[in-house]
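Reading the structure
This is what each chain is made of:
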Amino acid sequence: QVRYRKIKIRMMKKLLIDADMLLFAAVKLCEVEIEWMPDVITTHLPLKEVSLLFDEMVTNKKTQAEADEVILCWTSIDNFRNKVDPSYKANRRATNHRLKPVGFKEARNRMENKYNSECWYRLEADDVLGILQTRDCGKDTVIWSGDKDLNQIPGLHLDNDGNVKTITEPEADVFFYRQVLIGDSVDGFGGCPSIGPKTAEKLIPLKDFTPASAWRTVVSTYKKKDLSEQYALVQARLARILRSTEYSYNDISLWTPPIPVTTVMTKP
């Protein structure tokens, strides 16, 4: 008599990391200010210390996620959202303060070459995370990012406390439509005036959610503020983090509402 043993095969898990955000934290922690004399202060960055700290951060998150592989996702210089709305993130460009800490560019070059990295033309790190996570329904990936916007991507997510949680597709879609109403002041798009998280939660509840009804609510809310459906569509396309069906070989498919829009928007 032949006996067969059942062998359980565990799928290799990949941890997708928002590398811009993680490296920014590492660089800020390693910055050193030196006062050479009264009124003369310079900032220095010991790159070896940055590398060691970054390695420790990556290893810690890999352990928390119980991942076999790590992929770092980086932001490209170009950004397709600037074609959707030229004022996107203009609030950051308008400031005279430097956007990145001293030495960040060189630190990124080193980490990008050291680790398995992905940086795609015209995309932010968030988009790369979203596309990779939604390929194959996120069966073998888990995302880490300190940016709440990634909650609009379904699948496994590693939070800052080291816990892995699951975001379902309806939960992700609800978060997206709420974000269209709320906007994002950090990224420089305002959403619908006077609509905050609590109001957006009431307007677009998870119970009985459908994309069509959510979009109708978004449009009607904007119109109450004397803002057009086309304006709402621009806000949605700025808020949207791309999924795998919206990107193919550098070809970006801008988000399209579940019901027709009065005027078709041009593609960048």
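Computed from a prediction, not measured in an experiment: that's the story for all the values here.

1. Here's the deal with the overall build of the protein
Looking only at helices and strands, the protein features ten helices and ten strands. Classification of the 268 residues of the protein by burial places 44% in the buried group. Pairs at least 24 apart in sequence give 67% of the contacts found in the protein among residues at least 6 apart. For the protein, the computed accessible surface area is about 15,400 Å², with 53% contributed by carbon and sulfur atoms.

2. Things to note about the packing of aromatic side chains
This model, assessed by the stated rule, comprises nine aromatic pairs. Between tyrosine 177 and phenylalanine 209, the aromatic rings sit 5.9 Å apart at their centres with planes inclined by 55 degrees, giving tilted as the arrangement. Taken together, the residues tyrosine 177 in helix H7 (residues 169–182) and phenylalanine 209 in the loop between helix H8 (197–203) and helix H9 (211–224) connect sequence positions 32 residues apart. By the burial criterion, tyrosine 177 is buried, and phenylalanine 209 matches it. The positively charged end of lysine 100 is found above the aromatic ring belonging to phenylalanine 104, 4.9 Å away from the centroid. Against the face of phenylalanine 176 rests arginine 240, its NZ or CZ located 4.8 Å from the ring centre.

3. What to know about the nonpolar core
Side chains of a nonpolar character, in soluble globular proteins, are inclined to be buried together. Ranked by internal contacts, the top residues of the largest apolar core, which has 44 residues, are Leu123, Tyr177, Leu181, Ile204, Trp215 and Val218. If you list the elements that add at least two residues to this core, you get strand S4 (69–73), helix H6 (125–134), H7, H9 and helix H10 (229–239). Setting aside chain neighbours within four positions, we find valine 218 in contact with Tyr177, Val180, Leu181, Ile204 and Ala232.

4. What to know about the pattern of salt bridges
By the definition in use, this model includes eleven salt bridges. Across the salt bridge formed by aspartate 55 and lysine 114, the nearest N and O atoms sit 2.5 Å from each other. With aspartate 55 in helix H2 (residues 47–65) and lysine 114 in helix H5 (residues 104–114), this pair connects stretches of sequence that are 59 residues apart. Residue classification places aspartate 55 among the buried positions, given a relative accessible area of 18%. Looking at lysine 114, the relative accessible area reads 45%, which means it is partly exposed. The closest approach of N and O atoms between arginine 243 and aspartate 173, which form a salt bridge, is 2.8 Å. Here the residue arginine 243 occupies a position in the loop between H10 and strand S9 (247–248), and aspartate 173 occupies one in helix H7, the gap between them amounting to 70 residues. Note on accessibility: arginine 243 and aspartate 173 belong to one class, buried.

5. Details of the environment of asparagine 163
Within the secondary structure, asparagine 163 sits in the loop between strand S7 (155–158) and strand S8 (164–167). By relative accessible area, which is 43% here, asparagine 163 ends up partly exposed. Residues asparagine 163 and lysine 61 lie 102 residues apart in sequence; the distance between their C-alpha atoms is 10.0 Å.

6. Quick word on the sheet that holds strand S1 (residues 14–18)
Whenever strands of a sheet pair, they do so through backbone hydrogen bonds, lying parallel or antiparallel. Spatially, six strands are ordered S5-S4-S1-S6-S7-S8 in an open sheet, and the strand pairing comes out mixed. Of all the strands in the sheet, the pair left with one neighbour each is strand S5 (117–118) and S8. Bridging between S4 and S5 involves two bridges; their strand directions are parallel. Within S5, the residue paired with cysteine 73 across the bridge is glutamate 118. Here helix H1 (residues 19–30) sits on the sheet in contact with S1, S4 and strand S6 (141–144), set at roughly 60 degrees to S1.

About the thresholds
- Residues numbered from 1 in each chain as written.
- Predicted model: local features only at pLDDT ≥ 70, side-chain atom pairs only at ≥ 80, totals over all residues.
- Heavy atoms only, no water.
- Helix = DSSP H or I, 4+ residues; strand = E, 2+ residues; numbered from the N terminus.
- Buried < 20%, exposed > 50% of the residue type's maximum accessible area, 1.4 Å probe, protein only.
- Contact = heavy atoms within 4.5 Å.
- Areas by Shrake-Rupley, 256 points an atom, 1.4 Å probe, with all protein chains shown as cover.
- Phe/Tyr/Trp six-rings, centres within 6.5 Å; stacked < 30°, edge-to-face > 60°.
- Lys NZ or Arg CZ within 6 Å of the ring centre and 35° of its normal.
- Core = buried A, V, L, I, M, F, W, Y, C linked by side-chain atoms within 4.5 Å.
- Salt bridge = Lys/Arg side-chain N within 4 Å of Asp/Glu carboxyl O.
- Pairing = 2+ DSSP bridges.
- Axes fitted to C-alpha atoms, helices over the stretch in contact; angles between N-to-C directions.

These results come straight from atomic positions and should not be treated as a statement about function.
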